[in-house]
Amino acid sequence: MNIKVIYCSETGNTKKIANAIADALGVGAEEITENMQIEDIDLLFVGGFLKAFTLVKPTKLLLKSLNNPAQTKKVAVFSTSATGKGIRKYADKYLKDSGIQIVGDFEALGSYMKSNPGRPNEEDCADAANFAQTIAETLKNS
């Protein structure tokens, strides 16, 4: 199975989660770039963070660019934020008519200013790794 992990991180919170997911799957994690090409991926993990209660632009633009199952058949999303909620509603919105299946989402608290110091922590990273392994194993066996 061809798996890729990509993310956008400003403070390092989402990068920690991306690396935990990538390590659990035995792949690398790449930061989202402006003209990133996504093609022929079986399972794509897309990560970002919420700032001022909205998904940051690089992750939002990448999700919007996924419009063809030839790019990726399945997507799992993950994010960090001060509230620990958010990316799934954006993925649902942007991938709605793409033919690409969303197979899971993971959201973790991230430390920001005085909120959630020390997050994501080791437990959050372990939870992210378990999330990734469960999705990959489920798809491998289906």
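Refer to the structure printed above.
Described in the following lines is the structure provided in the data block.

Calculation rules
Residue numbering note: each chain is counted from 1, following its sequence as written. Owing to the predicted nature of the model, reporting of local features is limited to residues with pLDDT of at least 70; listing and counting of side-chain atom pairs is limited to 80 or more, with chain, interface and lining totals taken over all residues. As a rule here, side-chain values come from all non-hydrogen atoms in the structure, and water together with hydrogens is ignored. Here a helix means four or more residues in a row that DSSP labels H or I, a strand means two or more in a row labelled E, and each is numbered from the N terminus. With C-alpha atoms as the basis for the radius of gyration, the globule rule is written as 2.2 Å multiplied by the number of residues raised to the power 0.38. Here, two residues are considered to be in contact whenever any of their heavy atoms come within 4.5 Å of each other. Charged-residue counts in this description rest on Lys and Arg as positive and Asp and Glu as negative, His and the chain ends being excluded. Charge positions come from single atoms, namely NZ of Lys, CZ of Arg, CG of Asp or CD of Glu. Think of a 1 Å grid over the protein atoms and nothing else: a 1.4 Å probe that fits but is trapped marks a cavity, an open set flanked by protein within 12 Å on at least five of seven lines marks a pocket, and residues with an atom within 4 Å of a point count as lining. Grid points are joined across faces, edges and corners, and a volume is the space filled by probe spheres set on the points. For this classification, the nonpolar set comprises Ala, Val, Leu, Ile, Met, Phe, Trp, Tyr, Cys and Pro, the charged set comprises Asp, Glu, Lys and Arg, and every other residue, Gly included, is treated as polar.

This part covers the overall build of the protein chain. Each helix and strand in the protein chain was counted, giving four helices and six strands. Ordered by position in the sequence, the α and β elements of the protein chain form the string β-α-β-β-β-α-β-α-β-α. Here the protein chain has a C-alpha radius of gyration of 14 Å; the compact-globule value for 142 residues is 14 Å, and the two agree. Its C-alpha atoms give the protein chain principal-axis dimensions of about 45 × 30 × 20 Å. Looking at the protein chain alone, contacts between residues at least 24 apart form 75% of all its contacts between residues at least 6 apart. When the 17 positive and 17 negative side-chain charges of the protein chain are each reduced to one mean point, those points stand 7 Å apart.

The next point concerns the layout of surface pockets. What the largest pocket holds in volume is close to 310 Å³. Lining the largest pocket we find 17 residues, and of these L50, K51, S81, A82 and Y112 sit closest to its centre. The greatest single-element share of the lining of the largest pocket, amounting to three residues, is contributed by strand β3 (residues 41-51). For the lining of the largest pocket, the per-class residue count stands at six nonpolar, nine polar and two charged.

Scope: geometric values only; no functional claims are made or implied.
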